[in-house]
Amino acid sequence: QVQLVESGGGVVQAGGSLRLSCAASRLTFSSAVMGWFRQAPGKEREFVAAIFWSGAITDYADSVKVRFTISRDNAKNTVYLQMNSLKPEDTAVYYCAARGGYRSISQTGDAYDYWGQGTQVTVSS
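Parameters at a glance
Residues numbered from 1 in each chain as written. Predicted model: local features only at pLDDT ≥ 70, side-chain atom pairs only at ≥ 80, totals over all residues. Heavy atoms only, no water. Salt bridge = Lys/Arg side-chain N within 4 Å of Asp/Glu carboxyl O. Helix = DSSP H or I, 4+ residues; strand = E, 2+ residues; numbered from the N terminus. Buried < 20%, exposed > 50% of the residue type's maximum accessible area, 1.4 Å probe, protein only. Polar contact = N/O pair within 3.5 Å; in protein donor to acceptor, adjacent residues only side chain to side chain. Core = buried A, V, L, I, M, F, W, Y, C linked by side-chain atoms within 4.5 Å. Contact = heavy atoms within 4.5 Å. Lys, Arg positive; Asp, Glu negative; His and termini not counted. Phe/Tyr/Trp six-rings, centres within 6.5 Å; stacked < 30°, edge-to-face > 60°. Disulfide = S-S within 2.5 Å.

Draft legend 1. Looking closely at the pattern of salt bridges. In total, this model carries 6 salt bridges according to the counting rule given. Between Arg38 and Asp90 there is a salt bridge, with the nearest N and O atoms lying 2.9 Å from each other. Within this pair, whereas Arg38 is found in strand 4 (residues 33-39), its partner Asp90 is found in the loop between strand 8 (78-83) and strand 9 (92-99), the two being separated by 52 residues in sequence. Accessibility expressed as a relative area gives 1% for Asp90, which makes it buried. Residue Asp110 pairs with Arg45 through a salt bridge whose shortest N-O separation is 3.9 Å. Pair noted here: Asp110 is in the loop between strand 9 and strand 10 (114-115) and Arg45 is in the loop between strand 4 and strand 5 (46-51), with a separation of 65 residues, a long-range link. The exposure class of Arg45 is partly exposed, given its relative accessible area of 37%.

Draft legend 2. Main features of the side chain of Thr119. Relative to the assigned elements, Thr119 resides in strand 11 (residues 119-124). Assessed through its relative accessible area of 11%, Thr119 is described here as buried. Within polar-contact distance, the side chain of Thr119 engages the backbone nitrogen of Gly9 at 3.3 Å.

Draft legend 3. Focus on the nonpolar core. Met34, Trp36, Leu81 and Tyr94 are the most contacted members of the largest nonpolar core, which totals 39 residues. Contributing elements (two or more residues each) for this core: strand 3 (18-25), strand 4, strand 5, strand 7 (68-73), strand 8, strand 9 and strand 11. If we skip the residues at most four places from it in the chain, Leu81 touches Leu18, Arg19, Leu20, Trp36, Val48, Ala49, Phe68, Thr69, Ile70 and Tyr94.

Draft legend 4. Representation of the environment of Gly42 in the model. Tracing the backbone through its elements, the reader meets Gly42 in the loop between strand 4 and strand 5. The exposure class assigned to Gly42 is exposed, which follows from its relative accessible area of 88%. Note: C-alpha distance between Gly42 and Val12 (30 residues apart in sequence) is 21 Å.

Draft legend 5. How the structure looks around the side chain of Glu6. Following the sequence through the fold, Glu6 ends up in strand 1 (residues 3-7). One buried charged residue, Glu6, remains without a salt bridge, the closest side chain of opposite sign being Arg45 at 10 Å. At 2.8 Å, the side chain of Glu6 and the backbone nitrogen of Cys96 are in polar contact. There is a polar contact of 2.9 Å between the side chain of Glu6 and the backbone nitrogen of Gly118.

Draft legend 6. Layout of the packing of aromatic side chains. Applying the stated rule across the entire model yields 6 aromatic pairs. The interplanar angle of 85° and the centroid separation of 4.7 Å between the aromatic rings of Trp53 and Tyr102 together place this pair among those described as edge-to-face. Taken together, the residues Trp53 in the loop between strand 5 and strand 6 (58-60) and Tyr102 in the loop between strand 9 and strand 10 connect sequence positions 49 residues apart. One aromatic cluster is present, built from ring pairs that chain together Phe37, Phe47, Tyr112 and Trp115.

Draft legend 7. Main features of the state of the cysteines. In the structure shown here, the tally under the stated rule is 1 disulfide. Note on cysteine connectivity: Cys22 is disulfide-linked to Cys96, with sulfurs 2.1 Å apart. Between Cys22 and Cys96, the disulfide has an S-S torsion of -75° and is therefore left-handed. One end of the pair, Cys22, is in strand 3; the other, Cys96, is in strand 9, and 74 residues separate them in sequence. In this structure, Cys22 and Cys96 share a single accessibility class: buried.

Structure (structure tokens):
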């Protein structure tokens, strides 16, 4: 079965940076839209960023535009989320998700077929 494994979370001070990685296995990675979502305590899951299967198109939530960058390495079956200028409100569990079959980018969680277990990001003020 498909596995998505996130890594790179941790505790960082406001203004700092983290790079999340998501390694995929048993997935036709090169045909999958990859997305990052996050869920803070007491809040609903929200879209963060997504990248087209070719890497040519990216999409970001307004709250992270300019500060976060999504990228992928199809040779390594890995998607990344570079997070800069982190703010306390970025504190959440971050989830990687995959939407297979050469489909379009989506900001809706229900559009994704597979999910990772999540990695905690905590930004202290």
